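Report on the structure
The lines below spell out each chain.
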Amino acid sequence: MERRDFLTSVGQVSVFVCAGSLVAACSKSNSTPSGNNNGGGNNSGTLISADLNSELQAIGSAKINGSVIVIRIANDNVASSFVALSLICTHMGCTVNYDQSSESFKCPCHGSGYDVTGKVTHGPAAAPLPSYTVTVANNTLTVS
Ligand code: FES
C-alpha cells in the first residue's frame, strides 16, 4: 500500500469514528425517568413530598426534585388538583423549563412546547412528558 492510499484509508476510518460519536451524542438518553403516561408510574419510592399547609398553595406553583416537577392546577387539596411530570423532553432528552406565568413548558434545545398536563403543544417532540402518580393524605402530597 502506498503512503497516499494509507493516509486516505486512515482518514476515512477517522470520519466514520467521529460520525459515530456524534450520532451517539445526539441520540436519546437511556436515563430518562421511568414514569409513564397513564399516571401509574413504576417507581416505588417517593420522588417529591410536599406539606400542603405551606407549599404549593397557589395554582401554577411548582416544586421540583431533580427531573421531576409537581404543579398545582386546582384549588382543592386532592390528588386531581396536581400534575407530576418528568422534565425530560421526549424529543431528545433535554431538560424542559417550566414557565409558571403561562403554566407551560419550553424545551431550550429545539423549541418543543408542552402544556401544564405534559401534552405537546409545539414540536418537534411528538410524545407527552411522562407523568407520575400523585397522592394526597393528611395535607401531605407525595409523588411516586
Ligand atoms: S430535545 Fe427538546 S425539542 Fe429537542
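Here we summarise the structure given alongside this text. All values reported here derive from a predicted model rather than from experimental measurement.

Cut-offs applied
- Residues numbered from 1 in each chain as written.
- Predicted model: local features only at pLDDT ≥ 70, side-chain atom pairs only at ≥ 80, totals over all residues.
- Heavy atoms only, no water.
- Pairing = 2+ DSSP bridges.
- Helix = DSSP H or I, 4+ residues; strand = E, 2+ residues; numbered from the N terminus.
- Axes fitted to C-alpha atoms, helices over the stretch in contact; angles between N-to-C directions.
- Core = buried A, V, L, I, M, F, W, Y, C linked by side-chain atoms within 4.5 Å.
- Buried < 20%, exposed > 50% of the residue type's maximum accessible area, 1.4 Å probe, protein only.
- Salt bridge = Lys/Arg side-chain N within 4 Å of Asp/Glu carboxyl O.

1. Points about the sheet that holds strand S9 (residues 134-137)
Read from one edge to the other, the open sheet built from 3 strands follows the order S1-S10-S9, with strand pairing classed as antiparallel. Single-partner strands in this sheet number two, and they are strand S1 (48-51) and S9. Sheet twist, expressed as the mean angle between neighbouring strand axes with direction ignored, is 15°. Relative to strand S10 (residues 140-143), S1 runs antiparallel, the two being bridged by 4 bridges. The residue bridging Ala50 from the neighbouring strand is Leu141, located in S10.

2. Things to note about the nonpolar core
Membership of the largest hydrophobic core comes to 15 residues, with the highest contact counts inside it found for Ile69, Ile71, Cys89, Val96, Phe105, Tyr114 and Leu129. Put simply, the parts of the chain that give this core at least two residues each are strand S3 (68-72) and strand S4 (82-86). One finds Ala50, Leu52, Val134 and Val143 within the second-largest nonpolar core, a separate group that totals 12 residues.

3. Focus on the pattern of salt bridges
When the charged atoms of two side chains with opposite charge come close together, those side chains can pair. What the rule picks out here adds up to 1 salt bridge. Residue Lys63 pairs with Glu55 through a salt bridge whose shortest N-O separation is 2.8 Å. When its relative accessible area of 26% is taken as the criterion, Lys63 is described as partly exposed.

4. Quick word on the pairing of S4
Along S4, 5 of the 5 residues are buried, which leaves the element largely enclosed by surrounding structure. The alternating pattern of S4 places Phe82, Ala84 and Ser86 on one face and Val83 and Leu85 on the opposite face, and all of these are buried. Where S3 lies against S4, 5 bridges are found, and the strand directions are antiparallel. Across the sheet, residue Val68 finds its bridge partner in S4, namely Ser86.

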